[in-house]
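Analysis of the macromolecular model
If you want the building blocks of each chain, they are given just below.
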Amino acid sequence: MEKTSDAPDSFVSDNINNNGKVDGQSDKEKSIDDWLPITSSRNAKWWYSAFHNVTAMVGAGVLSLPYAMSHLGWGPGIAVLIISWIITLYTLWQMVEMHEMVPGKRFDRYHELGQHAFGEKLGLWIVVPQQLVCEVGVDIVYMVTGGKSLKKFHDVICMPHCKDIKTTYFIMIFASVHFVLSQLPNFNSISGVSLAAAVMSLSYSTIAWGASVHKGRQPDVDYGYKAHTAGGTVLNFFTSLGDVAFAYAGHNVVLEIQATIPSTPGKPSKKPMWKGVVLAYIVVAMCYFPVALIGYWAFGNSVEDNVLISLQKPRWLIALANMFVVIHVIGSYQIYAMPVFDMIETVLVKNLQFTPCFSLRLFSRSFYVAFTMFVAITFPFFGGLLGFFGGFAFAPTTYFLPCIMWLAIYKPKRFSLSWITNWVCIILGILLIILAPIGGLRTIIIQAKDYKFYN
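All of the points below concern the structure found in this document.

Basis of the calculations
Residues numbered from 1 in each chain as written. Predicted model: local features only at pLDDT ≥ 70, side-chain atom pairs only at ≥ 80, totals over all residues. Heavy atoms only, no water. Buried < 20%, exposed > 50% of the residue type's maximum accessible area, 1.4 Å probe, protein only. Helix = DSSP H or I, 4+ residues; strand = E, 2+ residues; numbered from the N terminus. Salt bridge = Lys/Arg side-chain N within 4 Å of Asp/Glu carboxyl O. Contact = heavy atoms within 4.5 Å. Phe/Tyr/Trp six-rings, centres within 6.5 Å; stacked < 30°, edge-to-face > 60°. Axes fitted to C-alpha atoms, helices over the stretch in contact; angles between N-to-C directions. Parallel < 35°, antiparallel > 145°, perpendicular 65-115°, else oblique. Left-handed = near helix turned anticlockwise from the far one by under 90°. Nonpolar A, V, L, I, M, F, W, Y, C, P; charged D, E, K, R; others polar.

On to helix α5 (residues 110-118). The buried fraction of α5 is high, at 7 of 9 residues. Buried residues of α5: Y110, H111, E112, L113, G114, Q115 and A117, and no others. Looking one or two residues beyond α5, the residue adopting positive phi is G119, at roughly 105°.

Given below as structure tokens:
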């Protein structure tokens, strides 16, 4: 296979013939596509879409929603939750529709859709950096979440006589699982892990709001803003916008998930995919709104950035919920890591001419897991990381980049409903990307003052 002249060419997808082979594609190129994780399997069912999307979306973010409410307040908080749910469902629908907008062609990866909308080179450089920041960022946050939840499980189970063990060690224990699971070849091979993770997300969300109801409204509960200055209140508000954005972040892997579903002209993949997305969003609403509202009702502005930390009793139930979180973020980590693995392996095999083999996959994926583990144990600032990554990374790819692509490709009539809707989403998304990272970075700086590295 000849070496490509530049990076964008290695990511382009072309028309597929009746034999399932891309036009002009050699047998060697087809064998490479059959080896890459995104294009290697297309036999998923519609319910795969449902639990993959639940696993991708309902993760660490749901546990921070009561904390976000404490900085947003009742009115703005409820409004932000509802508006985000509607906007992200709309932009997710757009991406599902655009997956096969060109007859005989599938945009199996987010950057391939970007290339169609903005051009081969520009589309690649617009989408890939944002998508990588999102997926690597969420994997780092999930490393932190998994380690902290393991530590919480340990502390609850063995209290009051437990020996204090550093969070660093728990993050390393959590990472050790991924050195094994990361060797699973593609999305369909992790479907069992993803299903378990989706069930766990519904389970620990129910425990979170159910235990909050059982604990009841605290006698000293305060629903006022926690910060004592106007500046602090505003910056906390910005951080919480990022927390909410992080909670609605499944778009970065939606095209890759849809790529695993079979498609024919009579039965396009968008129909089963959309069915799964709708079910996933119903589950999202069942998880997010009760946790956010009841958690805030019970604890007010004293709630922790992970609501399970605020809950101490019953001990066995809180320990169980934390273990559910661990199982869930194991699946979520793999969902977000799979497109990264695909990008890394595409560059190694198509650009650098490495031979597709197990040893290449073992090295590249283990290196990625080690990298996310190292960053997580170095900067385990859970709340600040959510706000920063939520605004800086997830707002573009979730809230407004699909809208920009839609306008560029379909060119709806100016001032039509579609045109107005997309521009409203774009404006709100741009405000989010400007405001949320400011608050998130401030939170990281404040938490870092007293932090001891590798504690």
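Here we take up the pattern of salt bridges. Tallied over the entire structure, the rule returns 8 salt bridges. Between R361 and E345 there is a salt bridge; the shortest N-O distance is 3.4 Å. Separated by 16 residues along the polypeptide, R361 in helix α14 (residues 358-378) and E345 in helix α13 (residues 315-351) bring together distant segments of the chain. Under the relative-accessibility criterion, R361 is labelled buried at 7%. Here E345 makes a salt bridge to R365, at a shortest N to O gap of 2.6 Å.

As for its position among the elements, V127 is in helix α6 (residues 120-158). Sequence separation of V127 and N252 is 125 residues, and the distance between their C-alpha atoms is 10.0 Å. With residues near it in sequence (within four places) discarded, V127 still touches Y110, H111, G114, L401 and M405.

Here we take up the packing of aromatic side chains. Per the stated rule, a full pass over the model turns up 13 aromatic pairs. Here the aromatic rings of W85 and Y281 are separated by 5.6 Å at their centres, their planes lie at 65°, and the arrangement is edge-to-face. Residue W85 is found in helix α4 (residues 74-98), and its partner Y281 is found in helix α11 (residues 270-299); the two are separated by 196 residues along the sequence. Under the relative-accessibility criterion, W85 is labelled partly exposed at 23%. Centre to centre, the rings of Y142 and Y336 are 6.4 Å apart; their planes meet at 70°, and the pair counts as edge-to-face. With Y142 in helix α6 and Y336 in helix α13, the pair connects residues that are 194 residues apart, well separated along the chain. Neither Y142 nor Y336 differs from the other in exposure class; each is buried.

Below, the discussion takes up the packing of α6 against α14. Following both chains from N to C, one finds α6 and α14 inclined at 60°, their axes separated by 8 Å at the closest point. In terms of orientation, α6 and α14 fall into the oblique class. In this structure, the crossing between α6 and α14 has a hand that is right-handed. Of the residues in α14, those touching α6 at E135, V136, D139, I140, M143 and V144 are Y368, V369, F371, T372, M373, V375 and A376. Taken together, the residues that form the contact of α6 with α14 break down as 10 nonpolar, 1 polar and 2 charged.

Now for the environment of A196. Looking at where A196 falls in the secondary structure, it is placed in helix α8 (residues 191-215). For A196, a relative accessible area of 33% corresponds to the partly exposed category. In this structure the C-alpha to C-alpha distance between A196 and G331, which are 135 residues apart in sequence, comes to 7.6 Å.

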